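Here are the chains, one letter per residue:
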Amino acid sequence: MATLNLKINGKTHTVDVEDDTPLLWVLRDHLGLVGTKYSCGIAQCGACTVHLNGNATFSCVTPVSSVGNSEVTTIEGLSENGDHPVQKAWEEIDVAQCGFCQPGQIMQAAAFLKNNPSPSMEEIDNAMNRNICRCGTYHKVREAVAQAAKTK
Amino acid sequence: MSTITREGRRDFLKIVGTTAGGLFIGFNWSSCDSPKVEVLSTEEVLAQVKNFNAYLSIAPSGDVVIYSPNPELGQNIKTSFPMVVAEELDADWSKVRVIQANLDTEKYDRQLTGGSGAMPHSWERLRKAGATAKYVLVAAAAQTWNVPAEEITVESGVISHKGSNKTGHFGEFVEIASTLSAPEEVTLKDKKDFKIIGTPVKNVDAKEIYTGKPMYGLDFYREGMKHAMIQRAPFGMKIKSMDDGAARGVSGVTDVVTFGNSVAVVGTSTWPLMKAKKLLRIEYEADGNVESTADHDRIFKDLLENGKADVRRKDGNVDQAFKTAAKVVEAEYQCPFLAHSPMEPENFFAHVQGDRCELIGPTQTPDRARQTAAQILGIPPENITVEITRLGGGFGRRLRADYVEEAVEVSRAINGPVKIVWSREDELTGGAYRPAVRYKFSAALDDAGNIIGYKLKGVGMNAGNTTRENNFPSGAVENVLIESISYDSSITTNAWRAPITNFLAYAEQSFLDEVALAAGKDPVQLRLELYERAKNNPVGELGYNVNRMIAVTKEVAEKSNWGKNPNVKQGLSVYFSHRSYVAQVADIEMDAGSPTLKRITAVTDCGMVVNPTGANHQVRGGIVDGMGHAMYTNLTFENGVPKQKNYDSYRLIRLKEVPEINTHFLDSGFDPTGLGEPALPPTGGAIANAIFAATGRRLRSQPFIEQKEFSDIKLEIKRT
Ligand code: FES
Ligand code: FES
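Residues numbered from 1 in each chain as written. Chains lettered and ligands numbered in written order. Predicted model: local features only at pLDDT ≥ 70, side-chain atom pairs only at ≥ 80, totals over all residues. Heavy atoms only, no water.

Novice: Mind showing me how you'd approach the overall build of chain B here?
Specialist: Regarding its fold elements, chain B presents 18 helices and 29 strands. Within chain B, buried positions represent 64% of all 720 residues. In chain B, 77% of the contacts between residues at least 6 apart in sequence involve partners at least 24 apart. Here chain B displays about 26,300 Å² of accessible surface, and carbon together with sulfur accounts for 46% of that area. (Helix = DSSP H or I, 4+ residues; strand = E, 2+ residues; numbered from the N terminus. Buried < 20%, exposed > 50% of the residue type's maximum accessible area, 1.4 Å probe, protein only. Contact = heavy atoms within 4.5 Å. Areas by Shrake-Rupley, 256 points an atom, 1.4 Å probe, with all protein chains shown as cover.)

Novice: It is not clear to me how the sheet that holds strand β7 (residues 158-161) of chain B should be interpreted in this structure. Could you clarify?
Specialist: Backbone-to-backbone hydrogen bonds pair the strands of a sheet. The strands run either parallel or antiparallel. Residue and element names in this part refer to chain B. What the three strands build is an open sheet, ordered β6-β7-β8; its pairing is antiparallel. Whereas interior strands pair on both sides, the edge strands pair on one side only; in this sheet they are β6 (152-155) and β8 (166-169). Strand-to-strand twist across the sheet, computed as the mean angle between neighbouring axes with direction ignored, equals 20°. Bridge count between β7 and β8: four bridges; the pairing is antiparallel. Its bridge partner being in β8, I159 is matched across the sheet by G168. (Pairing = 2+ DSSP bridges. Axes fitted to C-alpha atoms, helices over the stretch in contact; angles between N-to-C directions.)

Novice: Any chance you could explain the pattern of salt bridges here in plain terms?
Specialist: Where charged atoms from two side chains of opposite charge come close, those side chains can pair. All names here are of chain B. Under the criterion given, the structure shown has 49 salt bridges over all chains. With its nearest N and O atoms 3.7 Å apart, the salt bridge here joins R400 to D402. Of the charged contacts in the structure, one is a salt bridge between R533 and E478, with a shortest N-O distance of 2.9 Å. Of this pair, R533 sits in helix α15 (residues 523-536) while E478 sits in the loop between β21 (451-461) and β22 (479-487), and the two are 55 residues apart along the sequence. Accessibility expressed as a relative area gives 23% for R533, which makes it partly exposed. In this structure E478 comes out as partly exposed when scored by relative accessible area, which is 40%. (Salt bridge = Lys/Arg side-chain N within 4 Å of Asp/Glu carboxyl O.)

Novice: Before we go on, may I ask you to explain the domain arrangement of chain A in this structure?
Specialist: Many authors give the size of an interface as the accessible area that is lost as the parts come together. Residue and element names in this part refer to chain A. Its domain assignment divides chain A into domain 1 (2-77) and domain 2 (85-151). With 18 residues of domain 1 in contact, the opposing surface of domain 2 contributes 13 residues. Overall, the association of domain 1 and domain 2 removes approximately 1,300 Å² of surface from exposure, summing both partners, and the carbon and sulfur fraction of that is 62%. Inspection of the domain 1/domain 2 interface yields zero salt bridges. (Domains from an automatic or database assignment. Buried area = accessible area lost by both parts, 1.4 Å probe.)

Novice: For this particular structure, what's the right way to read the packing of helix α14 (residues 501-519) of chain B against α15(B)?
Specialist: What describes two packed helices is the angle between their axes and the distance between those same axes. Residue and element names in this part refer to chain B. α15 packs onto α14 with a crossing angle of 100° between their chain directions and a minimal axis gap of 9 Å. The angle between the axes of α14 and α15 places the two elements in the roughly perpendicular class. Across the interface between the two elements, Q509, L512, D513, V515 and A516 of α14 pack against P523, L526 and R527 of α15. Taken together, the residues that form the contact of α14 with α15 break down as five nonpolar, one polar and two charged. (Parallel < 35°, antiparallel > 145°, perpendicular 65-115°, else oblique. Nonpolar A, V, L, I, M, F, W, Y, C, P; charged D, E, K, R; others polar.)

Novice: Would you mind showing me how to read the side chain of K37(A) here?
Specialist: Mapping K37(A) onto the fold places it in the loop between α1 (23-30) and β3 (49-52). At 2.9 Å, the side chain of K37(A) and the backbone oxygen of V34(A) are in polar contact. The residues contacting K37(A), other than those within four sequence positions of it, are L24(A), R28(A), A47(A), C48(A), F100(A), P103(A), K213(B), Y216(B) and D219(B). (Polar contact = N/O pair within 3.5 Å; in protein donor to acceptor, adjacent residues only side chain to side chain.)

Novice: Explanation requested: the interface of chain A and chain B in the structure shown.
Specialist: Each side of the interface is counted separately: chain A has 55 residues, and chain B has 62 residues. Buried area between chain A and chain B, summed over both chains or domains, comes out near 5,100 Å², and the portion from carbon and sulfur atoms is 57%. At the boundary of chain A and chain B, one finds five salt bridges. Among the salt bridges present, the one from D219(B) reaches K37(A), with a minimum N-O distance of 2.7 Å. The interface formed by chain A and chain B contains 36 residue pairs in polar contact (both at pLDDT 80 or more). Those elements giving two or more residues to the side of chain A that touches chain B turn out to be α1, α2 (85-93), α3 (102-115), α4 (121-128) and α5 (138-151) of chain A. If you tally residues by element for the side of chain A that touches chain B, the top one is α5(A), at six residues.

Novice: What's the story with the packing of aromatic side chains in this structure? I'm lost.
Specialist: The geometry of an aromatic ring pair comes down to the distance between the two centres and the angle between the two planes. The final tally for this structure, using the stated rule, is 23 aromatic pairs over all chains. Each ring, one from F441(B) and one from F511(B), has its centre 5.1 Å from the other, and the planes form 20°; the classification is stacked. Residue F441(B) is located in strand β20 (residues 437-445), and its partner F511(B) is located in helix α14; the two are separated by 70 residues in the primary sequence. Since its relative accessible area comes to 0%, F511(B) is described here as buried. An aromatic cluster of at least three residues, connected via ring pairs, comprises Y333(B), Y439(B), F441(B), Y454(B), F503(B), Y506(B), F511(B) and F704(B). In this structure, R134(A) is placed above the aromatic ring of F395(B), and the distance from its NZ or CZ to the ring centre is 3.8 Å. Sitting over the face of the ring of W422(B), R232(B) holds its NZ or CZ atom 3.6 Å from the ring centroid. (Phe/Tyr/Trp six-rings, centres within 6.5 Å; stacked < 30°, edge-to-face > 60°. Lys NZ or Arg CZ within 6 Å of the ring centre and 35° of its normal.)

Listed below in structure tokens is the structure:
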């Protein structure tokens, strides 16, 4: 067991957990931040995507002990009122079917656009290829990222 | 700690309480009786709550609330149902709100999601409820203003009388309206006057989804509850011995309990359980057939040759037709097992307390969850409540209640509230799969290339009838024999999006392509000739509407420029399932020396389109699903255990692998029919036929990428 101070969504949280606990389960089980989803646990699907210092990271394979002083941002902290340009584009394009993969898709897209504000379609495809959507909303994901890039 | 919002019933009662004086319309959402609608006072709603299965309430503020019974798993029903009510009501859509109802078998008779059946089932009832509400509101306004009701108009929640220059919103009339009685008959709108139906209304849950609000079963938490994960036995095996010492030693694990051939590790959070599960030392021994994929292949071939078949349909004299044939075409097609793999893994919350039980989680069949729990616990179903959370996908997996059963068992064993969660590995190895199936097709052709005989024999695993005997081309061929064989497998199987047709359509549509080639006919022409026969001189019973088949086929030929460009190699597939008609054409072009799948054109006749956004989603999603599994996904068994245990080996389609998909909808004038499934079945056939057109390779098994015929084809997928 270790006592860790984590910087999440601009606040410091103290948790007592085993070192090897993935950040995903600390967020979900210990802090009640369940917007970050579990689906594969092995860095394949992107449902658990959060930002570590602004970079998209699979929280399911990130041991909490490795987070250190990094700033963690989850879907709950992406924007105050759900009005981040990516969230707005997602609403506008009406991307979701079941919706389960979408917080991860949004976090992936937000980090990507921060580093690459005017991407080509091919760059969008490469970035978003990391996230699986079982409902097959890929066309809309693509469209929404392009739209978010435009309206930023 | 977060707690999932538990509105449901309490919220409903609150609405009743806070909107005293509001208007309530009770109606039967989906009963088999003719739609019955009544206007109720608040007291009557409370007293008669059992007589109606859905409610529409209009508050004095003008807010419209619709109480929705069917589980939402992405098919967008929570948005499309209220659209229908609001249309007939002429409501202001921005003032309409939808609440997910809990399970209540006395109120709802079809509270499930499956079979693409909800909209066709409820269409007329929803419309009538809206129209009745409007009727009494108009009558109330007429009474208030002392003007004839016929002179009153309604638009966007506002009631107006031109002559006297009076206007008012719905809320102003609800009190009087609630004292009036419902008319015997209401006039429904002419479809051409629809203002909401047919427009792209956005998902009513969008904001919650995009801000990560707890809405799914996996997100549910209650103070004091335990978590549990379960180790299940391989198929066909049972526990011989078990040592849980090491698992119990993991910090955070509070208990290990065994029931049947399952072992549950219980604890205070998820991660320790994932670790502890790996430390369980369980020895298994055979308890029935321990099967591997190699066995299935052998069994299929053997049963097709020698098995006793159930005759599903017989027209004319097939033997004679094949004897006199100028040409016979024969081919066998086979598909593998598949998991459903919804993104949200299986999970459920259960709290057993004496002779009562509370259940919360994602299910497509809440009543089955309740019945299962009642049986395990030996208590009356009325003592069990089921609350439905939003489903992170279903695809048929959540029609089963196996994971509900587990939650109940563990809760009873530890005597407290628990949420069980499956890992992805659990979902792939302990699943209930789309069963493998093998088909043998034969066609007899005469000199002119006409089909004079057609045979189909299917053999499936736990599949019951593996055919759709009254589907096309039955009815279009003089001599037909359709047979089915079922093999009892120890592997659990279950309905998977578009059961049977998810593979049968591909096999049949590919086979028809083979027949067209042998007959020297263009695939569109071949089908049109067969349709003509079915239309003018049908043989036996027809399970489909020929005119709708003709229309989608002609339209897809037109929209895809069928046969017009020699550089585009095309594959056609047309299929009827779940009451809807979908025709698809896949286009392959040579691009930088590689055959490249560029686009799929789809024409759908699902009757009237209620929500174009939702309809597009379902068609494109169905095509992506159909394509992904046809191309990439395989689940094979070795000694009762699947070899593919997670998404690194169980390959799902990704964003870069989807081509352009162009969707078109035909307005056939019919009422809305299902759309959650029908777009999936034709896709594999369209792609396989295009691959044949481009490369001369015929793919008779899925997934395509694992077939030897495909090994040297470098198929690219590109959007233009
Ligand atoms: S849950 Fe982390 S990538 Fe799938
Ligand atoms: S919307 Fe269902 S998994 Fe993506």
